[in-house]
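This is what each chain is made of:
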Amino acid sequence: MKIVLTNDDGIDAPGLQALVACLDGCGDVVIVAPKQPQSGVGHRITTKDPLVVDELGFNRFSVDGTPADCARIALRVIAPDAHWLIAGINPGGNLGLDVYNSGTVAAAREAAMLGCKSIAISQYIARDLGVDWHVTGHHSGPVLRMLINRPLEDGAFWNINLPHPLRLDSTPEAKDCGLDTCSHHVDYHQKDNAYVYQGCYHERPREPGKDVAVCFGGRISMTLMTIL
């Protein structure tokens, strides 16, 4: 089995390194990731400018483009025989309506649009705490391996979010759940002629049983997404 790995944080991001480590033994891994961080670019695609691709090592490529560009280049040029594309591990949640801003989720969505099975995976980060990527990888591996062996219909992909904080001996339940469509509390503070976004990710509205509440409540949220 061949698995393409990508992200929206750049080729050298620790979350991508953790993803590589936790998939050891699952198949042939090909890394195709942005040259520079591309967080929050959504599903932006490059069509008019050339995309520079550098081969950095065996099955390791950087692309001077967006996460969705990486998915396209990977699945049409570099690894057209890939069975899966997995995007992540993102530092920060991609929950609810975040899926429309997230470059991580866009890479998985683009793969699904191109007919490849895919997963986006993110590590929610609780207020004022850091991430232990070894622990995140430890808990990501079993979920990813389980989903890789679960049937997935054409045009569908998984969006996974890990709770925080986690320890090696934590036993978070992995829960199938729907996407929370509650709007963010959005406001702006004016400073001269500029406006600064105001909001607290950790205090966002949430619907019981949906992905935000599941992840914030200490479980791994597994949300089946579709391209339609």
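Residues numbered from 1 in each chain as written. Predicted model: local features only at pLDDT ≥ 70, side-chain atom pairs only at ≥ 80, totals over all residues. Heavy atoms only, no water.

(A) Quick look at the overall build of the chain. The number of helices and strands found in the chain is 5 helices and 11 strands. A compact globule built from 228 residues should have a C-alpha radius of gyration of about 17 Å, and the chain, at 17 Å, falls within 12% of that. Counting only C-alpha atoms, the chain reaches 50 × 45 × 35 Å along its principal axes. In the chain, the share of contacts with a sequence separation of at least 24, taken over all contacts with a separation of at least 6, comes to 76%. The average position of the 19 basic charges and that of the 26 acidic charges among the side chains of the chain differ by 3 Å. (Helix = DSSP H or I, 4+ residues; strand = E, 2+ residues; numbered from the N terminus. Rg over C-alpha atoms; globule rule 2.2 N^0.38 Å. Contact = heavy atoms within 4.5 Å. Lys, Arg positive; Asp, Glu negative; His and termini not counted. Charge placed at Lys NZ, Arg CZ, Asp CG, Glu CD.)

(B) Structural context of helix 4 (residues 133–148). For helix 4, which comprises 16 residues, the first-to-last C-alpha distance of 21 Å matches the rise-based estimate of 22 Å (1.5 Å per residue) to within 8%. Taken as a whole, helix 4 carries its principal kink of about 30 degrees at S140; the proline P142 stands between one and four residues after it. Lining the buried residues of helix 4 we find strand 1 (2–6), helix 1 (14–22), strand 5 (84–91), strand 6 (117–123), strand 7 (156–162) and strand 11 (220–226). (Expected span 1.5 Å × (residues − 1). Bend = angle between axes of the 7 residues up to and from the residue.)

(C) Molecular detail of the packing of aromatic side chains. A full pass over the atoms with the stated rule returns 4 aromatic pairs. When the centroid spacing of 5.8 Å and the interplanar angle of 75 degrees are considered together, the rings of Y188 and Y197 count as edge-to-face. With a relative accessible area of 43%, Y197 lands in the partly exposed category. Three or more aromatic residues link up through ring pairs in this structure, and these residues are Y124, Y201 and F216. Between R204 and the ring centre of Y201, over which it is positioned, the NZ or CZ distance is 4.8 Å. (Phe/Tyr/Trp six-rings, centres within 6.5 Å; stacked < 30°, edge-to-face > 60°. Buried < 20%, exposed > 50% of the residue type's maximum accessible area, 1.4 Å probe, protein only. Lys NZ or Arg CZ within 6 Å of the ring centre and 35° of its normal.)

(D) A look at the side chain of N90. Within the fold, N90 resides in strand 5. Given the relative accessible area of 7%, N90 is considered buried. For N90, the side chain forms a polar contact with the main-chain oxygen of G92, separated by 2.9 Å. A polar atom in the side chain of N90 sits 3.3 Å from the side chain of T104. If near-sequence neighbours (up to four positions away) are discounted, N90 is found in contact with D8, D9, T104, I121, S122, Q123 and W133. (Polar contact = N/O pair within 3.5 Å; in protein donor to acceptor, adjacent residues only side chain to side chain.)

(E) A look at unusual backbone geometry. At the junction of G88 and I89, the peptide bond is cis and its omega measures out at -10 degrees in the coordinates. Within the secondary structure layout, I89 lies in strand 5. Cis geometry is found at the peptide bond from H164 to P165, where omega equals 0 degrees. Take P165: it is sitting in the loop between strand 7 and strand 8 (174–176). Phi angles above zero are rare outside glycine, and D128 is one such case at about 65 degrees. Position of D128 among the secondary structure elements: in the loop between strand 6 and helix 4. One non-glycine residue, D192, lies in the positive phi region at around 60 degrees. As for its position among the elements, D192 is in the loop between strand 9 (187–191) and strand 10 (194–198). Overall, the relative accessible area of 66% leaves D192 in the exposed class.

(F) Examining the nonpolar core more closely. Formed by 30 residues in total, the largest nonpolar core has its most connected members in L19, L23, I86 and I160. Taken together, the elements giving at least two residues each to this core come down to strand 1, helix 1, strand 2 (28–34), strand 5, strand 6, helix 4, strand 7 and strand 11. Considering every element that reaches this core, the biggest residue donor is helix 4, with 6 residues. With residues near it in sequence (within four places) discarded, L23 still touches L5, I86, L144, R145 and I148. (Core = buried A, V, L, I, M, F, W, Y, C linked by side-chain atoms within 4.5 Å.)

(G) Structural detail: helix 1. Every buried residue of helix 1 is accounted for by G15, L16, A18, L19 and C22. All buried residues of helix 1 lie within an arc of 160 degrees about the axis, which places them on one face of the element. Close packing links the buried residues of helix 1 with strand 1, strand 2, strand 5, strand 6 and helix 4. (Arc of directions from axis to C-beta.)

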